[in-house]
Amino acid sequence: MSAVLLDPAFLRRLEALALRARRPVRGVLRGERRSRTLGRGVEFADYRSYQVGDDYRHIDWNIYSRLDRLFVKLFSEEEDINVHLLVDVSASMAWGQPSKALYAARVAAAIGYVGLLGLDRVGVVFFADRVRRLLPPVRGRGQTVRLMAFLADAADPAPAAASDLRQTLREYVHRTRRRGLLVLLSDLLFPGGYEDGLTLARAHRFEPFVIHVLADDELDPQVRGDLRLVDRETRAGVEVTVDGPALEAYARARDAYLRGVEEFCLRHQIDYVRITTSVPVEDLVLRYLRMGGLFR
């Protein structure tokens, strides 16, 4: 099943990557990522003054002999992180060649694969107006086939329904106790907006990373003439004449919208990468997501 989404050569290149945690996240089991959390690890990190209750075995007696003061050694811990992959499968994601839904599924598969190889916990959520399907967090290389099989179904978006990120995240943040990296793969075409949902995720101590997936003709429409445009989710239609002035107005509105997304994410310290489906998934993952700080 994995060959449907990602070819073996690409999978081998993914094995050189690891997910980068944004801030210390304490996992349950020890993973392969160094946390800034200090505790009982194996690598020395710092000293601090001895406090009542500290383990005597961590006192540095060499420093005591020189300074006549007690200091304990601190060590960095290796911790796993929780990775939540939220894949938009609303009707608008069926657009594009390849479809935005298939593209998002392939990117999610690559991120999840890297996470599983790094002993992180990886879960997947398909959503539209709410949570539609959920793969509970799994861990370990042995779960890669299960992950790929689940994501392969994302290529078949839900029937027409208005997508709702706020409702989805309201449901999800109360469903899961594990906080961590939350990767949103979506075209962000939510009638109610994306702001409330992302703000809610931040308020519940998730670390959002937005991958904005668009089709080329959504940025640069190629249609001309008298048309009836129909919203794929709400089925609402409008008669328009697509000519030079209309395309100029569209371009201004598009640029203002995209600038608004970028400014919102910057203001809320949310990592953001915009991509179109004409860009190979391999380039996005191996180049742009590394530059964006998702991988190291």
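Residues numbered from 1 in each chain as written. Predicted model: local features only at pLDDT ≥ 70, side-chain atom pairs only at ≥ 80, totals over all residues. Heavy atoms only, no water.

## Points about the overall build of the protein chain
Basically, it comes down to this: Secondary structure elements follow DSSP: runs of H or I no shorter than four residues count as helices, runs of E no shorter than two count as strands, and numbering proceeds from the N terminus. Three labels apply to residues, based on accessible area from a 1.4 Å probe with only protein chains included: buried if under 20% of the type maximum, exposed if over 50%, partly exposed otherwise in between. Contacts between residues were defined by any pair of non-hydrogen atoms, one from each residue, lying within 4.5 Å. Here the open area of atoms and residues is found with the Shrake-Rupley method and a 1.4 Å probe, where only the protein chains shown may cover a residue.
From N to C terminus, the protein chain includes 10 helices and 11 strands. For the protein chain, buried positions account for 45% of its 296 residues. Considering only intrachain contacts with a sequence separation of at least 6, the fraction spanning at least 24 residues in the protein chain is 76%. Roughly 15,200 Å² of accessible area belongs to the protein chain as shown, and the carbon and sulfur atoms make up 50% of that amount.

## Thoughts on helix H10 (residues 281-291)
A turn of α-helix holds 3.6 residues, and therefore any two residues three or four places apart point the same way. Along H10, the residues that are buried comprise Val 281, Leu 284, Val 285, Leu 286 and Leu 289. In the core, the buried residues of H10 are packed alongside helix H2 (8-14), helix H4 (100-117), strand E8 (207-214) and strand E11 (271-276).

## Description of helix H5 (residues 144-152)
The line we're drawing: Read the arc as the range of directions from the helix axis to the C-beta atoms.
Of all the residues in H5, the buried ones are Thr 144, Leu 147, Met 148, Phe 150 and Leu 151. The buried residues of H5 all sit within an arc of 160 degrees when viewed along its axis, so they share a single face.

## Things to note about the packing of H4 against H10
Applied cut-off: The convention used is that axes are lines fitted to C-alpha atoms, helices contributing only their stretch in contact, and that angles between N-to-C directions extend from 0 to 180 degrees. Roughly parallel covers angles under 35 degrees, roughly antiparallel covers those over 145, roughly perpendicular covers 65 to 115, and oblique covers all other angles. A crossing counts as left-handed when the near helix is turned anticlockwise from the far one by less than a right angle, and as right-handed when that turn is clockwise. Amino acids are sorted into nonpolar (Ala, Val, Leu, Ile, Met, Phe, Trp, Tyr, Cys and Pro), charged (Asp, Glu, Lys and Arg) and polar (every other residue, Gly among them).
At a minimum axis separation of 10 Å, H4 and H10 run at an interaxial angle of 50 degrees. Viewed along their axes, H4 and H10 adopt a mutual orientation that is oblique. For H4 against H10, the interelement crossing comes out right-handed. Between H4, through Tyr 103, Arg 106, Val 107, Ala 110 and Ile 111, and H10, the contact on the second element is made entirely by Val 281, Glu 282, Leu 284, Val 285 and Leu 289. Of the residues that constitute the contact of H4 with H10, the class distribution is eight nonpolar, no polar and two charged.

## Some words on the confidence of the model for the protein chain
Convention followed: Each residue gets a pLDDT score, which is the predictor's confidence in that residue and runs from 0 to 100.
Predicted confidence across the protein chain gives a mean pLDDT of 86, with 86% of residues reaching 70 or more. Between the elements of the protein chain, mean pLDDT differs from a low of 49, seen in strand E1 (residues 33-39), to a high of 97, seen in strand E7 (residues 181-186). Predicted confidence for residues 24-32 stays below pLDDT 50, and this span has 38 contacts to residues more than four positions away or in other chains. In this model, residues 36-40 is a region of pLDDT below 50 whose contacts with residues beyond four sequence positions or in other chains number 18 contacts.

## Comments concerning the sheet that holds E11
The condition that has to hold: Should DSSP find at least two bridges between two strands, the strands are taken to pair.
The strand order across the open sheet built from six strands is E6-E5-E4-E7-E8-E11, with neighbouring strands paired in mixed fashion. At either margin of the open sheet sits one strand with a lone partner, and together these are strand E6 (131-139) and E11. When the angles between neighbouring strand axes are averaged without regard to direction, this sheet yields 15 degrees. Of the strands in this sheet, E8 and E11 touch helix H9 (residues 244-267), which is tilted by about 150 degrees from E11. Along the sheet, H10 makes contact with E8 and E11, crossing E11 at roughly 145 degrees.

## Comments concerning the packing of aromatic side chains
For clarity, the cut-off: Aromatic rings from Phe, Tyr and Trp, taking only the six-membered ring of Trp, are treated as a pair when their centres fall within 6.5 Å; an angle between ring planes under 30 degrees marks them as stacked, one over 60 as edge-to-face, and anything in between as tilted.
With the rule as written, the count across this model stands at six aromatic pairs. With a centroid separation of 6.4 Å and an interplanar angle of 80 degrees, the aromatic rings of Tyr 194 and Tyr 257 are classed as edge-to-face. Linking Tyr 194 in the loop between E7 and helix H7 (195-203) with Tyr 257 in helix H9, this pair joins segments that are 63 residues apart in sequence. For Tyr 257, a relative accessible area of 31% translates into the label partly exposed. Ring pairs connect the aromatic residues Tyr 194, Tyr 257 and Phe 264, which therefore count as one cluster.

## Topic: the packing of helix H6 (residues 165-175) against H7
Contact pair H6 / H7: the axes reach a minimum separation of 7 Å and the direction vectors enclose 20 degrees. Relative to H7, the element H6 is oriented roughly parallel. In terms of crossing hand, the pair formed by H6 and H7 is left-handed. Each of Leu 165, Arg 166, Leu 169, Arg 170 and Val 173 in H6 lies in contact with H7, whose residues at this interface are Asp 196, Gly 197, Leu 198, Leu 200 and Ala 201. Of the residues assigned to the contact of H6 with H7, the class counts are six nonpolar, one polar and three charged.

## Points about the side chain of His 212
The condition is simple: By the criterion applied in these results, polar contacts are pairs of N or O atoms within 3.5 Å in which, for protein atoms, one can donate a hydrogen and the other can accept it, and in which residues neighboring in sequence qualify only through two side-chain atoms.
With respect to the helices and strands, His 212 occurs in strand E8. Side-chain polar atoms of His 212 contact the side chain of Tyr 272, separated by 2.8 Å. With near-sequence residues (within four places) excluded, His 212 lies in contact with Ser 186, Asp 187, Leu 188, Tyr 257, Leu 258, Tyr 272, Val 273, Arg 274 and Ile 275.

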